[in-house]
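Observations on the model geometry
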Amino acid sequence: MSDPLIKSIEVRERRRDITHEGTSEPFFFRLGDYVAGILTGILTALAVRLIVGPQWDMVVAMLVGMGVGMLVHMTLLLLFTPLLGMFEVMMPLAMIGMYGGMLFGMRDSMQQAYIPLSTALIVGGVFGVFVVFVAHWWNRQLRGAVFARPEARRSS
Amino acid sequence: MKIAMPVTAREKWDWLSLTYDLMTWGEDWRQGGEKRQLFAKIQGRTLLVSVGTGNDLKYLPPKCNLVAIDISPRMIERARTKASRAGGNIRLVLTDAQRLAFADQTFDTVLTVCTFCSIPDPVQGLQEVYRVLKPDGRLLMFEHVRSKIGLFALFLDFMTFLTRRFGPDLNRDTVSNVLQAGFRLQHEANVYLDIVKIIEAAK
């Protein structure tokens, strides 16, 4: 934070805090996050495999893969946002679509002949699980108080 | 009192009122607990800026004394049924958050839920909130903001190009806007990553 007013805040702590105890959400939301991640990974891998050719320039394949991944994830956003929440879906799915699309595009331009479609789809699904897991872990690190004035803490 | 409002913002939110409840169903479930904790802190005469379809009224403590505003007549219409179900003294008013139709120092608490992502000039809106708050009045916010993590921030910037025309901005720096409007920041907590936040400030 560069703002001097923010710097002046005295108490800084991460994770849980007294005034805003984290509330536990139903388990099916976490399960839903993983289902959305797996589906996005698989569909991104499939779409990239169908579009990117084996002899493509790697840079072009990477950029096309990213664009394809973005389109896939934005389409799935419309399906999953009402069920799972906007940001909880948007952030991991965007990472899967963008970065997964780039990686899958690079791979398919170089190794398409050696990696069967079924393996590519499994890798897509595993990538989806990995990104959702990292998003959940990261959220646990960031969740809770960023800062609070001591007097505000006492009065609340 | 009739306030002249920007037609485009009103039309946008009138249109969004048709799908708003559907699109926020999951979010409502996941973040309801945090909202209930925040809403429990309201005291005295309270202003809820941008009531939307009234989804959040169920988190209010009983016997609250609340004025809820929105720029969209259709949102207000949909909120009316939920307001009657919520109990308490809730009055719905059609007005623009950038030009509030209330006298100076009217409210003890101002509450906002995903509001300052949508107001065209957020600092002007917050200055209006500052004006209508009593001295030492509290601003309680549940807002989504631009992430400080570059990876997410770039994406939120990109998505804002798409969402701005038919929904909220996703890359507002609301904490800085609160300070710019003259408030003293009292508390800031992350609800989801560093994007969905609870912000508490005092006049």
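Residues numbered from 1 in each chain as written. Chains lettered and ligands numbered in written order. Predicted model: local features only at pLDDT ≥ 70, side-chain atom pairs only at ≥ 80, totals over all residues.

1. So, the overall build of chain B
Filter applied, for reference: By definition, any uninterrupted DSSP run of H or I lasting at least four residues is a helix, any uninterrupted run of E lasting at least two residues is a strand, and each is numbered from the N terminus. As a reference, a globule follows 2.2 Å times the number of residues to the power 0.38, and the radius of gyration itself is taken over C-alpha atoms. For every residue, the other C-beta atoms within 10 Å of its own C-beta are counted; 20 or more classify it as buried, 12 or fewer as exposed, and values in between as partly exposed. C-beta atoms are placed from the backbone. Note on contacts: residues are paired as contacts if their backbone-placed C-beta atoms lie within 7 Å.
Summing up its helical and strand segments, chain B has 7 helices and 7 strands in all. The helix and strand sequence of chain B, counted from the amino end, reads α-α-α-β-β-α-β-β-α-β-α-α-β-β. For 203 residues, the compact-globule estimate of 2.2 N^0.38 gives 17 Å, and chain B sits close to it at 16 Å. Viewed in the frame of its principal axes, chain B has a C-alpha envelope of about 45 × 35 × 35 Å. Considering chain B as a whole, with its 203 residues, one finds that 51% of them fall into the buried category. By sequence separation, contacts in chain B at least 24 residues apart represent 69% of the contacts at least 6 residues apart.

2. Overview of the overall build of chain A
If you tally the helices and strands in chain A, you get 6 helices and 1 strand. A buried classification covers 41% of the 156 residues belonging to chain A. A separation threshold of at least 6 residues defines the contact pool for chain A, and within that pool the share at least 24 residues apart is 87%.

3. Considering the packing of helix α3 (residues 58–84) of chain A against helix α4 (residues 86–111) of chain A
All names here are of chain A. Condition: Lines fitted to C-alpha atoms define the axes, with helix axes restricted to the stretch in contact, and inter-axis angles between N-to-C directions lie between 0 and 180 degrees. In this scheme, roughly parallel covers angles under 35 degrees and roughly antiparallel covers those over 145, while 65 to 115 is roughly perpendicular and the rest are oblique. Crossing handedness is read from the near helix: turned anticlockwise from the far helix by less than a right angle, it gives a left-handed crossing, and turned clockwise, a right-handed one. Residues are sorted three ways: Asp, Glu, Lys and Arg are charged, Ala, Val, Leu, Ile, Met, Phe, Trp, Tyr, Cys and Pro are nonpolar, and all the rest, Gly among them, are polar.
Between α3 and α4, the shortest axis-to-axis distance is 7 Å and the interhelical angle comes to 155 degrees. Put simply, α3 runs roughly antiparallel to α4. As α3 runs across α4, the sense of the crossing is right-handed. Class assignment of the residues belonging to the contact of α3 with α4 gives a composition of 23 nonpolar, 9 polar and 2 charged.

4. Regarding unusual backbone geometry
All names here are of chain B. For Cys114, which is not a glycine, the phi torsion comes out positive at approximately 45 degrees. Checked against the element boundaries, Cys114 lands in the loop between β4 (107–113) and α5 (122–132). Positive phi outside glycine occurs at Leu193, with the angle close to 45 degrees. Positionally, Leu193 belongs in the loop between β6 (184–192) and β7 (196–202). Leu193 sits in the buried class, given 21 other C-beta atoms within 10 Å.

5. Structural notes on the interface of chain B and chain A
Selection rule: Here the rule is simple: two strands pair whenever DSSP picks up at least two bridges between them.
Across the contact, 28 residues belong to chain B and 31 residues belong to chain A. At the level of secondary structure, the elements contributing two or more residues to the side of chain B that touches chain A comprise α2 (20–23), α3 (25–39), α6 (150–163), α7 (174–180), β6 and β7 of chain B. Residues of the side of chain B that touches chain A, tallied by class, amount to 13 nonpolar, 8 polar and 7 charged. Pairing geometry for strand β1 (residues 144–148) of chain A and β6(B), over 4 bridges, is antiparallel. Residue pairing for β6(B): Ala148(A) is matched across the bridge by His187(B).

6. A look at the sheet that holds strand β2 (residues 65–70) of chain B
Spatial strand order, β1(A)-β6(B)-β7(B)-β5(B)-β4(B)-β1(B)-β2(B)-β3(B): 8 strands in an open sheet with mixed pairing. Of all the strands in the sheet, just β1 of chain A together with β3 (89–94) of chain B have a single pairing partner and so form its edges. Going from strand to strand, the sheet's axes swing by 15 degrees on average, the running direction of each strand aside. Across 5 bridges, the pairing between strand β1 (residues 45–49) of chain B and β2(B) is parallel. By the bridge assignment for β2(B), Leu47(B) is matched with Val67(B). The strands that α5(B) touches are β1, β4 and β5 (133–144) of chain B; relative to β5(B), the one it contacts most, it runs at about 145 degrees.

7. A few points about the confidence of the model for chain A
When pLDDT drops low, the exact placement of atoms in the prediction is not to be read closely. Spelled out, the test is: Note: pLDDT gives the predictor's confidence per residue, expressed from 0 to 100.
The predicted model of chain A has a mean per-residue pLDDT of 84, with 79% of residues at 70 or higher. Segment residues 4–21 of chain A is flagged for pLDDT under 50; beyond a separation of four residues in sequence, or across chains, it makes 36 contacts in the model.

8. Overview of the confidence of the model for chain B
Averaged over every residue, the pLDDT of chain B is 89; the share at 70 or more is 97%. Quick note on the complex model: pTM equals 0.84, ipTM equals 0.83.

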